[in-house]
Amino acid sequence: MNKGTTGNGDGGTAVAEPPREKLTKKAITADHPTWCPGCGDFAVLAAFYKVLEKRNLEHEKIVTLAGIGCSSRFPYFVNGHGAHYIHGRAVPLASGISLARPDLHVFLFGGDGDGFSIGGNHLDHGARKNINMTYFIMDNFVYGLTKKQTSPTSPIGFKSKTDPTGAIDQPVNPMKKLISAGATFIARTHATQVKHMMEMIDRAFDHQGFSVIECLSECVEFFPDVFDPADPKKGGSFEVIQEKKWDNTPEDELRHDVTDELAAYKLAQLPFPGVFGVFYQSDRPTKNALEKKWIQSSREKTGNASDLEILQKTFDRMK
Amino acid sequence: MSERPDTAAQTAAPNGERADLRPENIQDAVIRLAGNSQDGIQTAGAFLARLAGRSDHDVMTYMTIPSTISGGPSIFQVRIGSGEVLSAGDEADFLVAFYQHSYQDHIDFLREGGVLLYDSDNVEPNLDDKRFFYVGVPITGLTIEALGGTARDKGKNIFVLGLIAKIFNLDVDKLKKLITEKFASKDESIVNTALMAFQAGYAYPVGNVLAKHYRFEHIPRPSGRAQITMDGNQALAYGLIAGGVRYGAGYPITPWSSVMETLRRELPKYGGIFVQAEDELASVSIALGCSYSGYLAVTGSAGPGISLKAEAIGWASMAEIPLIVCNIQRGGPSTGLPTNVEQSDLHQAIFGSHGDSPRVVLAPSSVEDCFYIAIEAARIARKYSTPVFILSDTSLATRIEAFDEPDLSKLMVNPKPDLTPRQTFKPYPIDQITQHVPPGTRILDGKYPLLAGLEHDEMGHPTGSPKLHMAMTAKRRNKLRKLAEEIPVPEVYGDQEGDMLLAGWGSTYGPIHDAVAMARENGEKVGALHLRHLHPLPNGLEKIFEKFKRIVTVEMNDQGVYGFGQLATILRARYCEPKITSFTKTDGLTFRVKEILDGVFKGKSFAARHIPREGAAIVHAGTAPENVKSTREVVPQGVG
């Protein structure tokens, strides 16, 4: 049910462990976030705490990881095992952890620059290989940590320090990129919509495979108000994708089939601010499962021999 | 071969075998096969090497590979000896030329009095050159004939193997067994074809022109252990497995690829995974993820890929993550000489990330040492929680050697992570060497560690404190000083004091030792020092340096702007010793013994051929069984 139930299980040492208390927000809170007051990322952190609390995961199995950026400071604010890695390479770091230790819950956080620009290639290949992890991208359409340069999702015309007369490059469409790359769970949410955000994290976590959530998360300092069109409190409208219920009703005909790649692509074409919810989901086998299968058949071929026996046999053939 | 064979400078007629081929015992022979890479000369050469290993002989090979995709001129040289073979040989005793260009390009590598065996269908040698003995055999035609008259000449390599087997009196049954094993996974007809080609070559009446055949003296090996035969990249891969490495990631590049191919194929048998990543940055990152998760992992490449990994390796220094990075060096910079050898990445290995980012650098001296150094790299990476470079190179990667079978029962390391709950845990204690706990470990006081690329406090949380940055920088550097204390000082080979000390590292071990042996035979007072630990250097080298008037490093890299090779530059900086100089070259080929002698002893000339067989045993420092402990070994405390 959660990321990691397919684990080939790593020998935790069998010592008497003290009883567990329920996982609380207090237990998983670490440093006070260093984000600017009003930053959308605060709400993401709050939603993440709530999901962890609700799922009551084993504390030591939660691993939070990130690359570089404002949102990538995330692991410092979660009290749990974790690492703050280099710019753009958090997906492969998380891949190594996920493949070697399928018993862990691998959560990855980052922004649009980290995920779609410097790390764009890794996003594609993590998706293609369908490596089991939950990847939450806080998209603010701007480089915030370095103080207002154009980002890969900045809209054309956005005035930044690197585009003083307005951005001229076509922005990345994250949903389209993820669909074509082969991610197996693709969702979109908005940092002002905490309940929706929690639902998306919950479902992404339940999914076996490469799950990505793009969350519009406002940078109040360098690109304020840009997401208001999707915030009902600011006069916008937050339009949620209606998913098929498969109830044979005429209404259902109009609802979105999350397994339909082309339909997902069409939703991704809608003009800004677009729609929110699960765009696409597929149960394609994970790399974790495929590698495990190969390990099992390789082990069987050796007659489940010990490491020493296998290497000795190899050397015997080289005599 | 030490004596002139009784031959006639003529082409052998394919009839009338002479019955009186006289066997003559020899101790050492260098056989060079020259052809095109698509002719399978590597395969034939590898059979000879495997056979020598199985027959208790020492063996070393040397090959060149064309960098073109479709193949091209290529050689495979095998040196077989009844005693220790340290270098692949300066000159060939026996040259097999498949084409006119093979003859023209390599005849000067044949020693005077040596034998040219050539394909008379393709080669017209200058028979007036009386330095050599000529044996012409219509190799192409006879191979086609033997294999049923198809127009294809595939199988020439195996035909030649048959010829060589006859001339050198090799063990035919063992060779046939090797051929059968090699092609066993393929179509049965391929095995039969190969055996037919072999038989045809073996039955050829070469005795018409060569009155002698040769027999390698059997000298029982002192260890009494069986030998295994493999190339340096295989030894590296299997050493990693023995050292408990079960995960890794890489990206294809010459000459690293065969390490990753072996690991990709082998690791699943041990329950592990090797990932072929989308690029070099991903591969080092995946490996770091595996290491962080509790399984020491490996990544590797050649120079171009290592450059791309540099930032992540700096993170490993900062976050103090154990990691093994193999650099199978080739000619640089940039794409450089992809299939040639060079030792020009030493400074990159030691310094190649931004900031002060200490890491360990080791270099294997032989194929056998590739195996042991991988185990040692794994041990050091775990014990000091640090990235460790293994600097191999093209020549070691492709060279085949036979060596004593390692005692695996004493070497195998259990890779399982220790997930025992901790009451409390600090990832970066200022006064101790970092030992991370893998995720999945319960921390009972509820304070979990974070691994950080930002400068951090003892819990891993970011700090801008100048005081902490200084303390943490010192912590990361001092653990390497601690390591330096445990590295044994290498033994000096040859004279323990004298006029000159030749210092080397990596694959130049053999030719340097052979050069020292020859110089000493000619009355020079000279020793050799070979460094396996390049960063940190072992303590106590200054005591060795004191005893020599000059120290000359012998390196395959450029002398640089200031006139010293990369190792010499480090040694000069470390010891402030002006008597350290270097002899360097960048022609992309391994050192010949004569080249070293000419370069180091300028103006003197030594006998060119005979090399005494008494090289120093390679000391696998730190990989002795008593030094190889489990992953839970005791970590020294109190290092500040």
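Being a predicted model, the structure only gives us computed values, none of them experimental. Along each chain, the written sequence defines residue order, and numbers are assigned to residues from 1. Here the convention is simple: chains get letters from A, ligands get numbers from 1, in the order in which they are written. Under the rules for a predicted model, residues below a pLDDT of 70 receive no local features and side-chain atom pairs below 80 are neither given nor counted, while totals for whole chains, interfaces and linings still include all residues.

### Description of the overall build of chain A
Now for step 1: Going along the chain from the N terminus, every DSSP run of H or I of four or more residues is numbered as a helix, and every run of E of two or more is numbered as a strand. Of the regular secondary structure elements, chain A holds eleven helices and nine strands.
Now for step 2: Here the C-alpha atoms of chain A give a radius of gyration of 21 Å, agreeing with the 20 Å that 2.2 N^0.38 yields for 319 residues.
Now for step 3: On the principal axes, the C-alpha backbone points of chain A span a range of 70 × 50 × 45 Å.
Now for step 4: Every C-beta atom is placed from the backbone, and the number of other C-beta atoms within 10 Å of a residue's own sets its class: buried at 20 or more, exposed at 12 or fewer, partly exposed in between. Within chain A, the fraction of its 319 residues that count as buried is 48%.
Now for step 5: Contact definition: two residues whose C-beta atoms, as placed from backbone geometry, lie within 7 Å. Residue pairs at least 24 apart in sequence account for 68% of intrachain contacts in chain A once pairs closer than 6 positions are excluded. We compute the radius of gyration over the C-alpha atoms and compare it with the globule rule, which gives 2.2 Å times the number of residues raised to the power 0.38.

### Overview of the overall build of chain B
Now for step 1: Of regular secondary structure, chain B possesses 19 helices and 24 strands.
Now for step 2: The proportion of buried residues among the 640 residues of chain B is 56%.
Now for step 3: Within chain B, residue pairs in contact and separated by at least 24 positions form 74% of the contacts whose partners lie at least 6 positions apart.

### What about the pairing of strand 3 (residues 105-111) of chain A?
Now for step 1: Among the seven residues that make up strand 3 of chain A, seven are buried, leaving the element largely enclosed by the rest of the structure.
Now for step 2: Here strand 3 of chain A shows two buried faces, one formed by His-105, Phe-107, Phe-109 and Gly-111 of chain A and the other by Val-106, Leu-108 and Gly-110 of chain A.

### Details of the interface of chain A and chain B
In many reports, interface size means the accessible area that the parts give up when they come together.
Now for step 1: At the interface, 52 residues of chain A touch 64 residues of chain B.
Now for step 2: The class makeup of the residues in the side of chain A that touches chain B is 23 nonpolar, 17 polar and twelve charged.
Now for step 3: By definition, two strands form a pair when at least two bridges between them are found by DSSP. Bridge count between strand 2 (residues 81-84) of chain A and strand 18 (residues 450-452) of chain B: three bridges; the pairing is parallel. Considered in strand 18 of chain B, the bridge of Ala-83 of chain A is made with Leu-451 of chain B. Residues are grouped as follows: nonpolar covers Ala, Val, Leu, Ile, Met, Phe, Trp, Tyr, Cys and Pro; charged covers Asp, Glu, Lys and Arg; every other residue, Gly included, is treated as polar.

### As for the domain arrangement of chain B
All names here are of chain B.
Now for step 1: Each assigned domain of chain B is listed with its residue range as follows: domain 1 (10-220), domain 2 (229-417) and domain 3 (493-600).
Now for step 2: Domain borders in the structure are assigned automatically or taken from a domain database. Between domain 2 and domain 3, the C-alpha centre-to-centre distance is 26 Å.
Now for step 3: Across the contact, 21 residues belong to domain 2 and 19 residues belong to domain 3.
Now for step 4: Those elements that place two or more of their residues in the side of domain 2 that touches domain 3 are helix 11 (346-351), strand 15 (360-362), strand 16 (387-393) and helix 13 (394-398).
Now for step 5: The residue inventory of the side of domain 2 that touches domain 3, partitioned by class, reads eleven nonpolar, eight polar and two charged.

### Thoughts on the confidence of the model for chain A
Now for step 1: On average, residues of chain A carry a pLDDT of 94, and 95% of them reach 70 or more.
Now for step 2: pLDDT measures the predictor's confidence residue by residue and takes values from 0 up to 100. Here residues 1-15 of chain A is a poorly scored stretch, pLDDT under 50, and it has 36 contacts once near neighbours within four places are set aside; other chains count.

### Observations regarding the sheet that holds strand 21 (residues 526-531) of chain B
Residue and element names in this part refer to chain B.
Now for step 1: Strand order in the open sheet formed by five strands is 19-21-20-23-24, with mixed pairing between adjacent strands. The two strands at the open ends of the sheet, each matched to only one other strand, are strand 19 (493-494) and strand 24 (580-584).
Now for step 2: Taken together, the five bridges between strand 23 (residues 548-555) and strand 24 define a ladder with parallel strand orientation. If you follow Glu-555 over to strand 24, its bridge partner there is Thr-584.
Now for step 3: Against the sheet, helix 18 (residues 566-575) touches strand 20 (498-505), strand 23 and strand 24, its axis set at about 175° to strand 24. For helices, the fitted line uses only the C-alpha atoms of the stretch in contact; every axis is such a line through C-alpha atoms, and the angle between N-to-C directions lies from 0 to 180 degrees.

### Some words on helix 12 (residues 367-384) of chain B
Residues and elements named next belong to chain B.
Now for step 1: Any helix carries an expected span of 1.5 Å times its number of residues minus one. With 18 residues, helix 12 should reach 26 Å at 1.5 Å per residue; the first-to-last C-alpha distance of 26 Å fits that figure.
Now for step 2: For helix 12, the buried fraction is high: 18 of the 18 residues fall into the buried class.
Now for step 3: Immediately downstream of helix 12, the backbone of Ser-385 shows phi near 45°, a positive value.

### Some words on unusual backbone geometry
Glycine aside, residues mostly have negative phi angles, and peptide bonds mostly take the trans form.
Now for step 1: At the junction of Phe-272 of chain A and Pro-273 of chain A, the peptide bond is cis and its omega measures out at 5° in the coordinates.
Now for step 2: Inspection of the secondary structure puts Pro-273 of chain A in the loop between helix 9 (261-269) and strand 9 (277-281).
Now for step 3: Of note in this structure, Asp-56 of chain B is not a glycine but carries a positive phi near 75°.

### As for the pairing of strand 20 of chain B
Residue and element names in this part refer to chain B.
Now for step 1: Of all eight residues in strand 20, six are buried, a share of seventy percent or more.
Now for step 2: Direction of pairing for strand 20 relative to strand 23: parallel, over a ladder of five bridges. Across the sheet, the residue bridging to Leu-501 is Ile-551, located in strand 23.
Now for step 3: Judged from the six bridges that link them, strand 20 and strand 21 form a sheet pairing that is parallel. Paired with Gly-504 across the strands is His-530, a residue of strand 21.
Now for step 4: For crossovers, right-handed means that the path from the first strand over the helix to the second runs clockwise, given strands pointing away from the viewer. In terms of handedness, the path from strand 20 via helix 16 (residues 509-521) over to strand 21 forms a crossover that is right-handed.

### Section: the packing of helix 6 (residues 174-181) of chain A against helix 9 of chain A
Residues and elements named next belong to chain A.
Now for step 1: Between helix 6 and helix 9, the shortest axis-to-axis distance is 8 Å and the interhelical angle comes to 160°. Our classification of the angle between helix 6 and helix 9 gives roughly antiparallel. As helix 6 runs across helix 9, the sense of the crossing is left-handed. Here Met-175, Lys-176 and Ile-179 of helix 6 lie close against helix 9, whose contacting residues are Glu-261, Ala-264, Tyr-265 and Ala-268.
Now for step 2: Of the residues belonging to the contact of helix 6 with helix 9, the class tally is five nonpolar, no polar and two charged. Angular relationships are summarised with four words: roughly parallel below 35 degrees, roughly antiparallel beyond 145, roughly perpendicular across 65 to 115, and oblique for the angles in between. Handedness of a crossing follows from how the near helix is turned relative to the far one, being left-handed for an anticlockwise turn of less than a right angle and right-handed for a clockwise one.

### Details of helix 10 (residues 287-301) of chain A
Now for step 1: Here helix 10 of chain A is 15 residues long and its end C-alpha atoms lie 21 Å apart, about the 21 Å a rise of 1.5 Å per residue gives.
Now for step 2: On its buried face, helix 10 of chain A sits against helix 3 (90-100) and helix 5 (120-129) of chain A together with strand 12 (273-276) of chain B.
Now for step 3: At the C-terminal side of helix 10 of chain A, Gly-303 of chain A shows a positive phi close to 70°.

### Remarks on the nonpolar core
Now for step 1: Within the largest apolar cluster, 258 residues are counted, with the highest numbers of intra-cluster contacts made by Leu-65, Leu-108 and Ile-186 of chain A together with Leu-116, Ile-324, Ile-390 and Leu-502 of chain B.
Now for step 2: Here the element with the most residues in this core is helix 12 of chain B; it accounts for twelve residues.
Now for step 3: With residues near it in sequence (within four places) discarded, Leu-502 of chain B still touches Ile-512, Ala-515, Val-516, Val-526, Ala-528, Val-552, Val-554 and Val-600 of chain B.
Now for step 4: Judged by nonpolar contacts, the second largest core, of nine residues, contains Cys-70, Tyr-143, Phe-222 and Phe-223 of chain A. Any nonpolar core is a set of buried residues, restricted to Ala, Val, Leu, Ile, Met, Phe, Trp, Tyr and Cys, that join up through C-beta atoms within 7 Å.

### Describing the packing of helix 3 (residues 139-146) of chain B against helix 4 (residues 156-167) of chain B
Residue and element names in this part refer to chain B.
Now for step 1: Orientation of helix 3 relative to helix 4, taken along the N-to-C sense of each, is 105°, at an axis distance of 9 Å. As far as their axial angle goes, helix 4 and helix 3 are roughly perpendicular. Taking contact as the criterion, the partners of Ile-139, Thr-140, Leu-142, Thr-143 and Ala-146 in helix 3 are, on helix 4, Lys-156, Phe-159 and Val-160.
Now for step 2: When its residues are assigned to classes, the contact of helix 3 with helix 4 shows five nonpolar, two polar and one charged.

### Looking at the sheet that holds strand 3 of chain A
Now for step 1: Ordered by their spatial adjacency, eight strands build an open sheet running 9(A)-7(A)-8(A)-4(A)-3(A)-1(A)-2(A)-18(B), and the pairing between neighbours is mixed. Looking at the sheet topology across the chains shown, the edges are occupied by strand 9 of chain A together with strand 18 of chain B. Geometrically, the sheet is characterised by an average inter-axis angle of 15° between neighbouring strands, direction not taken into account.
Now for step 2: Both strand 1 (residues 62-66) of chain A and strand 2 of chain A contribute to a ladder of four bridges, which runs parallel. Of the residues in strand 2 of chain A, the one forming a bridge with Thr-64 of chain A is Gly-82 of chain A.

### With respect to the environment of Pro-511 of chain B
All names here are of chain B.
Now for step 1: Of note, Pro-511 is situated in helix 16.
Now for step 2: A residue is classified by how many C-beta atoms lie within 10 Å of it, and Pro-511, with 25 of them, is buried.
Now for step 3: Each C-alpha atom, one on Pro-511 and one on Tyr-270, is 37 Å from the other, the two residues being 241 residues apart in sequence.

### A short note on the environment of Ala-43 of chain A
Residue and element names in this part refer to chain A.
Now for step 1: Relative to the helices and strands, Ala-43 is located in helix 2 (residues 41-55).
Now for step 2: A C-alpha to C-alpha distance of 61 Å links Ala-43 and Asp-316, two positions 273 residues apart in sequence.
Now for step 3: Those residues within four positions of Ala-43 in sequence are excluded, and the remaining contacts are Ala-191, Thr-192 and Val-194.

### What about the confidence of the model for chain B?
All names here are of chain B.
Now for step 1: In this model, chain B carries a mean pLDDT of 88, and residues with pLDDT of at least 70 account for 89%.
Now for step 2: The low-confidence segment residues 1-20, where pLDDT is below 50, has 44 contacts with residues more than four positions distant or belonging to other chains.
Now for step 3: Every residue in residues 609-640 scores below 50 in pLDDT, and together they form 70 contacts with partners more than four places removed in sequence or on other chains.
Now for step 4: Both confidence scores are given for the complex: pTM 0.91, ipTM 0.95.

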